[in-house]
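# Examining the three-dimensional arrangement
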Amino acid sequence: MNYYSLHHTSEKTSFREAVINGIAPDRGLYFPENIQPISEEIIQNITNYSNEEIAFQAIKQFVGDEIPEEKLREIIRETISFDFPVVSVDDNVATLELFHGPTMAFKDVGARFMAGCLAYFNQDNEEEVTVLVATSGDTGGAVASGFLNAKGVNVVILYPSGKVSEIQEKQLTTLGNNIAALEVNGVFDDCQDMVKTAFLDTEIQPKLTSANSINVARWLPQMFYYFFAYKQVAHLKKDIVFSVPSGNFGNICAGIVAQKLGLPVKHFIAATNVNDTVPNYLKNGEYTPKASKATISNAMDVGDPSNFIRIQELLGKEVKELKQLLSSFSFSDQETKEIMKSLHDKCDYIADPHGAVGYLGLKQYELSKEELGIFLETAHPVKFLDVVEETLNVNVEIPPQIQKVMDKEKVAIKVSSYNDLKEYLNSSSV
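Computed from a predicted structure; not experimentally measured. Position numbers for residues count from 1 along each chain, tracking the sequence in the order it is written. Only residues with pLDDT of at least 70 are given local features in this predicted model, and only at 80 or more are side-chain atom pairs given and counted; all residues enter the totals for whole chains, interfaces and linings. Here the side-chain values reflect all heavy atoms present in the structure, with hydrogen atoms and water set aside.

Let us look at the layout of surface pockets. To find leftover empty space, a probe the size of one water molecule is rolled over the atoms. In this analysis a 1.4 Å probe is tested at points of a 1 Å grid over the protein atoms alone, and where it fits but cannot get out there is a cavity; an open set with protein on both sides within 12 Å along at least five of seven lines is a pocket; lining residues have an atom within 4 Å of a point. Grid points are joined across faces, edges and corners, and a volume is the space filled by probe spheres set on the points. Approximately 330 Å³ is the volume attributed to the largest pocket. Contributing to the lining of the largest pocket are 18 residues, with Lys 196, Asp 304, Pro 305, Ser 306 and Ile 309 lying nearest its centre. Helix numbers and strand numbers start at the N terminus; a helix is a DSSP run of H or I with at least 4 residues, a strand a run of E with at least 2. Contributions of two or more residues to the lining of the largest pocket are made by helix H8 (188–199) and helix H13 (308–315). Sort the elements by how many residues they give to the lining of the largest pocket and H8 lands first, with 4 residues.

Here it is, written out as structure tokens:
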């Protein structure tokens, strides 16, 4: 499988080089040269297959022969070694819980898969590589966990000061070893811009790669759990509508790839908070990125979503084409809190703010009786403890994965500009 840049001015490259480089030399995102549907027999008889086999069949064409089959299966096995349950919530509405991994967020899947791929590619390389990643919340913790103590890999995580939850901050600032956290005076978009700038800076000394969803090895494996969800509900014989809490749009984009592989999905909803660049684009045809705004669903606080260009590559660049498979709605913090209360009071379900936005997306879409709506619950409610407990007036039990970081001391380096980041990367501490 070859990958090309969506800026179309760089040469095609292999999966290995796309993973190691993260972003193309022309600053474009890498995209697979072709996408071939998987066997219809697998889709029609999906309950007969293990999650590992489903994931292998979905991803193998994108990896090609660059990782041996046995090793790829091992990486997949370690990536998905936890549950992905679909839980009934309301009439013709269910949620896909993606928080049963080590850091209790959906990004565990992409981070663990990428860590496995990069470790394989780097196994005989004496030169160390630095994974540079920006986070608006859960990416940092998932990447830190996935790459902790990985041989030959250093991780540098940029996060916006005061704009991630306390637990999210603990998960990315307390591990030490090969994990470094940089606290940025700014918003997520500032962090992301610094990462993109660093990739093109020829004066940066360490070899850099990205673990954001701009990296194909972080982005593509997110399609696994759309297949796992369908496996659990296929017997219902309903048309499936996925509502995905969306910030950088990598998750929903991976779902659309799953649909291109043959997964029977009728429609996707990109549910956002007040960072409404894409909802406005689908409404008025003008794509106008803007500075991100802080919300209680902070992992979605993105004003210029990187992966939307990949969605356009998949579905077409015209709004009319996009809207055939994709809707997008935005919701305020107040609406989010109100629906969190409703879910708890009427359905006895505790949703985190991101999952609540996904549920709102289904309500706005107005499902028919022939449709089953599945919203993605992308993080455990405990990761947004203050908001959840204050909004619902409940006490959320703290799981073991979170308890082990709560009492650890935060270690972070404060940076205010790209020059600060550059100076850090070129220092002997990396």
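Let's shift gears to the environment of Leu 6. Mapped onto the secondary structure, Leu 6 falls in the loop between strand E1 (2–5) and strand E2 (13–14). For every residue, the accessible area obtained with a 1.4 Å probe (protein chains only) is divided by the maximum for its type, and the residue is called buried under 20%, exposed over 50%, and partly exposed between those limits. Judged by relative accessible area, which is 7%, Leu 6 ranks as buried. Spatially, the C-alpha atoms of Leu 6 and Glu 423 are 30 Å apart, while their sequence positions differ by 417 residues. The contact definition used throughout considers only heavy atoms, calling two residues in contact when any of these lie within 4.5 Å. Sequence-distant contacts of Leu 6, that is, excluding residues within four places in its chain, are made with Leu 29, Phe 31, Ile 309, Arg 310 and Glu 313.

Now for the environment of Gly 316. Among the structural elements, Gly 316 can be located in the loop between H13 and helix H14 (319–322). Along the chain, Gly 316 and Ser 14 lie 302 residues apart, while their C-alpha atoms are 24 Å from each other. Contacts of Gly 316, omitting those with residues within four sequence positions, involve Ile 311, Glu 321 and Leu 322.

DSSP-based pairing: two strands are paired if at least 2 bridges between them are found. The strand order E2-E1-E3 describes an open sheet built from 3 strands, whose pairing is antiparallel. For this open sheet the edge positions go to E2 and strand E3 (30–32), each flanked by a neighbour on one side alone. Note: E1 against E3, 3 bridges, orientation antiparallel. By the bridge assignment for E3, Tyr 3 is matched with Pro 32.

Our focus in this paragraph is the packing of aromatic side chains. When the centres of two rings from Phe, Tyr and Trp lie within 6.5 Å, Trp using its six-membered ring, the rings pair. Their planes under 30 degrees apart give stacked, over 60 give edge-to-face, and anything left gives tilted. Tallied over the full model, the rule gives 18 aromatic pairs. Between Phe 82 and Phe 84, the ring centres sit 4.9 Å apart and the planes meet at 35°, which makes this aromatic pair tilted. You can call Phe 82 buried: its relative accessible area is 12%. The exposure class assigned to Phe 84 is buried, which follows from its relative accessible area of 5%. Taken together, Phe 82, Phe 84, Tyr 225, Tyr 226, Phe 228, Phe 242 and Phe 268 form an aromatic cluster joined through their ring pairs. Our definition puts a charge over a ring when NZ of Lys or CZ of Arg is within 6 Å of the ring centre and also within 35 degrees of the ring normal. Just above the ring of Phe 56 sits the side chain of Arg 73; from NZ or CZ to the centre is 3.9 Å.

The next point concerns unusual backbone geometry. Here the phi dihedral of Lys 237 falls at roughly 55°; this positive angle occurs in a residue that is not glycine. Mapped onto the secondary structure, Lys 237 falls in the loop between helix H10 (224–233) and strand E10 (239–245). On the basis of relative accessible area, Lys 237 is assigned to the exposed category, the value being 74%. Residues other than glycine seldom take positive phi values, yet Glu 366 does so here, at roughly 65°. Within the secondary structure layout, Glu 366 lies in the loop between helix H16 (353–365) and strand E13 (371–377). Taking the relative accessible area as the measure of exposure, Glu 366 reaches 63% and is therefore exposed.

Right, let's get into empty space enclosed by the protein. Tallying each qualifying case throughout the model produces 2 cavities of 30 Å³ or more. Its boundaries defined by the atoms lining it, the largest cavity holds a volume of some 240 Å³. Along its surface, the largest cavity is lined by 22 residues, and Phe 106, Lys 107, Gly 247, Asn 248 and Ala 299 are the ones closest to its centre. Here the lining of the largest cavity is composed, by residue class, of 8 nonpolar, 12 polar and 2 charged. In this classification, Asp, Glu, Lys and Arg are treated as charged, Ala, Val, Leu, Ile, Met, Phe, Trp, Tyr, Cys and Pro as nonpolar, and every other residue, Gly included, as polar.

Attention now goes to the nonpolar core. Among buried residues, the Ala, Val, Leu, Ile, Met, Phe, Trp, Tyr and Cys ones that are joined through side-chain atoms within 4.5 Å form a nonpolar core. Core analysis: the biggest nonpolar cluster contains 125 residues, and Phe 15, Phe 113 and Phe 227 have the highest contact counts within it. Listed in part, the 35 residues of the second largest apolar core include Val 89, Ala 356, Leu 360 and Leu 392.

With that out of the way, let us pick up helix H15 (residues 333–347). Between the first and last residue of a helix there are one fewer steps than residues, each counted as 1.5 Å, and that sum is the expected span. Given a rise of 1.5 Å per residue, 15 residues ought to cover 21 Å, and the 20 Å separating the end C-alpha atoms of H15 matches this to within 8%. All of the buried residues along H15 are Thr 336, Ile 339, Met 340, Leu 343 and Cys 347. Each buried residue of H15 sits inside an arc of 110° when the element is viewed along its axis, so together they form one side. Within H15, the exposed residues directed more than 90 degrees away from the buried face are Asp 345 and Lys 346. Check the buried side of H15 and you find it contacts strand E4 (86–90), H16 and helix H17 (385–392). Just downstream of H15 lies Asp 348, where phi reads positive at about 55°. Read the arc as the range of directions from the helix axis to the C-beta atoms.

On to the packing of H15 against H16, then. Working note: a packed helix pair is described by the angle between its axes plus the distance between those axes. In this description, a line fitted to the C-alpha atoms serves as the axis of each element, helices being fitted only across the stretch in contact, and the angle between N-to-C directions of two axes falls anywhere from 0 to 180 degrees. The geometry of H15 relative to H16 is characterised by a closest axis approach of 9 Å and an angle of 90° between their N-to-C directions. One element, H15, and the other, H16, form an angle in the roughly perpendicular class. Across the interface between the two elements, Glu 335, Thr 336, Ile 339, Met 340 and Leu 343 of H15 pack against Pro 353, Ala 356, Val 357, Tyr 359 and Leu 360 of H16. Should an angle fall under 35 degrees it is taken as roughly parallel, and over 145 as roughly antiparallel, whereas 65 to 115 is taken as roughly perpendicular and any remaining angle as oblique.

Turning to the packing of helix H3 (residues 51–63) against H10, a few remarks are in order. Where H3 meets H10, the axes come as close as 9 Å, and the angle between the chain directions of the two elements is 135°. Between H3 and H10, the angle is such that the two are oblique. The hand of the H3/H10 crossing is right-handed. Between H3 and H10, the residues in contact are Asn 51, Ile 54, Ala 55, Ala 58 and Ile 59 and Phe 224, Phe 227, Phe 228 and Lys 231, respectively. Here a crossing is called left-handed whenever its near helix is offset anticlockwise from the far helix by less than a right angle, and right-handed whenever the offset is clockwise.

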